[in-house]
Amino acid sequence: MNPLNHVAIIMDGNGRWGLKNKNSRNAGHKAGLNTVEKIIKETIKNNIKFLTLYAFSTENWKRPKKEIKFLFNLLENFLKDKIEDLNKQKIRLKIIGKKNFSSQLNSLLIKSEKKTSKNKRLQINLALNYGAKTELINAFKELKKNKENINEKNLKKYLETKNIPDPDLLIRTGNTKRLSNFLLWQVAYSEIFFEKKLWPDFNERDYTKMIKKFRSIKRNFGKI
Ligand code: IPE
Ligand code: IPE
Ligand code: MG
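Below or above, wherever it landed, is the structure these notes cover. The structure displayed is predicted, hence computed values, not measured ones.

### Some words on the site of ligand 1
Here comes step 1: Around ligand 1, the structure places M11, D12, G13, N14, G15, R16, R25, H29, A55, N60, R63 and L71.
Here comes step 2: Within the backbone of G13, a nitrogen or oxygen atom sits 3.4 Å from an oxygen atom of ligand 1.
Here comes step 3: Backbone polar atom of N14 to an oxygen atom of ligand 1: 3.2 Å apart, as the coordinates give it.
Here comes step 4: For ligand 1, whose accessible area on its own is 370 Å², the fraction buried by protein is 87%.
Here comes step 5: Those elements giving two or more residues to the shell around ligand 1 turn out to be α1 (14-22) and α2 (25-45).
Here comes step 6: A total of three residues in the shell around ligand 1 trace back to one element, the largest contributor, which is α1.
Here comes step 7: Of the residues assigned to the shell around ligand 1, the class counts are three nonpolar, five polar and four charged.

Structure follows, in structure tokens:
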């Protein structure tokens, strides 16, 4: 049985779900939050230590201003509402991606990270304004600046995910088979599951099934 320490998820399909069910993309983003809560619970049940959630990419700035504003309001309210509870559940929150939002949101994010920094039950890495290409370019710039050798060990020190093991399992919902600039370095050996369901329709049972399937896969890492 494969150990499972880290699950990464591209939570895709909110907009389509919202349009189909409520005639509004934003309603889909709101509905997607319920799935986030379900998946967090199930992750803890399965004793998985790291969960990385792709919430906003560096490319998502190309969306209409109104949708972007809605998304960040939703995030702000979610955090204000839930951070105490997450902390009580011994969940650590870490943001990956550059925090260049409103000063109000930036400080809420920093505060939430600080508050939960000692928690050990589950670490949630929330990918916000995250893009793998930017992450890698920044890492190479750091290597150059510090005149360090270019090798795997040195490069890893400058990734957003330093000290976090690579994802064992990567899930993308929303019936699309692409990575959309997510963790390109870190998923080199991840098992990738593409799910047809839109994120708000994805549930604990779908997740548990994937985990079960993952456990039984023969992972070679180049060996036989
Ligand atoms: C993913 O859902 C969430 C974000 C990118 C913020 P989408 O908003 O991309 O949903 P679809 O793919 O348009 O349905
Ligand atoms: C990927 O979804 C980003 C997140 C889920 C946050 P997108 O919907 O932005 O991806 P593309 O643009 O369809 O590739
Ligand atoms: Mg999408």
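Let us keep going from here.
### Some remarks on the environment of S216
Here comes step 1: In this structure, S216 sits in helix α7 (residues 204-216).
Here comes step 2: Given the relative accessible area of 59%, S216 is considered exposed.
Here comes step 3: Sequence-wise, S216 and N2 are 214 residues apart; in three dimensions their C-alpha atoms are separated by 6.7 Å.
Here comes step 4: Within the structure, S216 has its side chain in polar contact with the backbone oxygen of K213 (distance 2.9 Å).

### Considerations on the sheet that holds strand β1 (residues 6-10)
Here comes step 1: Strand order in the open sheet formed by six strands is β3-β4-β2-β1-β5-β6, and the pairing between neighbours is parallel. The outermost strands of the open sheet, each flanked by one partner alone, are β3 (91-96) and β6 (191-194). On average, each strand axis in the sheet is inclined to that of its neighbour by 20°, with strand direction left out of account.
Here comes step 2: Relative to strand β2 (residues 50-57), β1 runs parallel, the two being bridged by five bridges. Within β2, the position partnered with I10 by the bridge is Y54.
Here comes step 3: Together, β2, β3 and β4 (122-130) form the strand contacts of helix α3 (residues 65-88), whose direction differs from that of β3 by roughly 155°.

Cut-offs applied
Residues numbered from 1 in each chain as written. Chains lettered and ligands numbered in written order. Predicted model: local features only at pLDDT ≥ 70, side-chain atom pairs only at ≥ 80, totals over all residues. Heavy atoms only, no water. Near = heavy atom within 4 Å. Polar contact = N/O pair within 3.5 Å; in protein donor to acceptor, adjacent residues only side chain to side chain. Areas by Shrake-Rupley, 256 points an atom, 1.4 Å probe, with all protein chains shown as cover. Helix = DSSP H or I, 4+ residues; strand = E, 2+ residues; numbered from the N terminus. Nonpolar A, V, L, I, M, F, W, Y, C, P; charged D, E, K, R; others polar. Buried < 20%, exposed > 50% of the residue type's maximum accessible area, 1.4 Å probe, protein only. Pairing = 2+ DSSP bridges. Axes fitted to C-alpha atoms, helices over the stretch in contact; angles between N-to-C directions. Contact = heavy atoms within 4.5 Å.

Scope: geometric values only; no functional claims are made or implied.
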